[in-house]
Amino acid sequence: MELSKRQEAILEIVKKEGPITGEQIAERLSLTRATLRPDMAILTMAGLLEARPRVGYYYSGKSPNRVIAEKLHRIKVGEIKSVPVVVSEHCSVYDAVVTMFIEDVGTLIVVREGGILEGVISRKDLLKITLGGQDIHKLPVGVVMTRMPNVITVGPDDSVWAAAKKLITHEVDALPVVRPVEEGDKTKELEVIGRLSKTNITRLFVELGEGN
């Protein structure tokens, strides 16, 4: 988060003299309160300043980077997930390649009836098998996909930060967003309810950068 020179000056004043009223800050800078109002709103909404009625503004003690980190921990996967692009494990590799290009995704999620997660297949998986010389019109994706329980997943209530860390740690382009399907007292299967990709993360950073 990049601050203007005026916003940096306001922060310095509040650090040294806070709690301090908006009128007092305006006097220090030889400006009107109306002129400062947009800057004060930005600093307060960003979490760098806090305000209390009849007390004034005081410094939150948070750096801009820390504010962004806290936002990423608060935002949940369910808030930014995409619609999953799914195929069945009986789908041919050829049809999977076509689906991947039509949908413009790097990972397909393999499910069975009821949207139950069976596995995932990546662009790299399809490239390997396509270059292998096999008949991709007859070969099912079930032969080449990564199967459960070796699939890395996230839940809708997981933080975006935790999901992003999984993407980097496991070097994958996307993660299935799942919720458990309970059978009696046991949770045996996972239902696919979305997809969290690097594109979702990048779009979020752009929106945060724009102040949305």
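Basis of the calculations
- Residues numbered from 1 in each chain as written.
- Predicted model: local features only at pLDDT ≥ 70, side-chain atom pairs only at ≥ 80, totals over all residues.
- Heavy atoms only, no water.
- Core = buried A, V, L, I, M, F, W, Y, C linked by side-chain atoms within 4.5 Å.
- Buried < 20%, exposed > 50% of the residue type's maximum accessible area, 1.4 Å probe, protein only.
- Helix = DSSP H or I, 4+ residues; strand = E, 2+ residues; numbered from the N terminus.
- Contact = heavy atoms within 4.5 Å.
- Patch = residues over 30% accessible without salt bridge, like charges linked within 9 Å, V, L, I, M, F, W, Y side chains within 5 Å.
- Areas by Shrake-Rupley, 256 points an atom, 1.4 Å probe, with all protein chains shown as cover.
- Salt bridge = Lys/Arg side-chain N within 4 Å of Asp/Glu carboxyl O.
- Domains from an automatic or database assignment.
- Pairing = 2+ DSSP bridges.
- UniProt positions renumbered as here; feature names shortened; annotations may be inferred.

By the naming in an unreviewed UniProt entry, the protein chain is CBS domain-containing protein, taken from Desulfofundulus australicus DSM 11792.

**Here's the deal with the nonpolar core**
Grouped together as the largest cluster of nonpolar side chains are 17 residues, with contacts concentrated most on V93, L108, I121 and V141. Breaking this core down by element, the ones donating at least two residues are helix 6 (93-103), strand 4 (107-112) and helix 7 (123-131). Among the elements that take part in this core, helix 6 stands out by supplying three residues, more than any other. Those residues in contact with V93 that sit more than four places away from it in its chain are L126, I129, T130, I136, L139, P140, V141 and V144. Judged by nonpolar contacts, the second largest core, of 15 residues, contains L72, V160, L167 and L175.

**Brief notes about a nonpolar patch on the surface**
A contiguous nonpolar patch, built from Y94, V98 and I102 and spanning about 280 Å² of accessible area, is present on the exposed surface. On the secondary structure map, Y94 appears in helix 6. By relative accessible area, Y94 is classed as partly exposed at 37%.

**Describing the domain arrangement of the protein chain**
By domain assignment, the protein chain separates into domain 1 (5-62) and domain 2 (74-210). Averaged C-alpha coordinates put domain 1 and domain 2 at centres separated by 46 Å.

**Describing the pairing of strand 5 (residues 116-122)**
For strand 5, the tally of buried residues reaches six of seven residues, placing the bulk of the element in the interior. Two strands pair when backbone bridges link them, and strand 4 and strand 5 are joined in this way by six bridges, in the antiparallel orientation. From the neighbouring strand, V111 faces strand 5, where its bridge partner is L117. Hairpin connection from strand 4 to strand 5: three residues lie between these consecutive antiparallel strands, with G114 at a positive phi of about 90°. Across two bridges, the pairing between strand 5 and strand 6 (residues 146-147) is antiparallel. Residue pairing across strands places V120 opposite T146, the latter belonging to strand 6.

**Examining the UniProt feature "domain: CBS" (unreviewed entry) in the protein chain**
In this numbering, the UniProt entry assigns the feature "domain: CBS" (unreviewed entry) to residues 80-136 and 145-212. Along residues 80-136 one finds 37% helix and 26% strand; the C-alpha atoms at either end are 34 Å apart.

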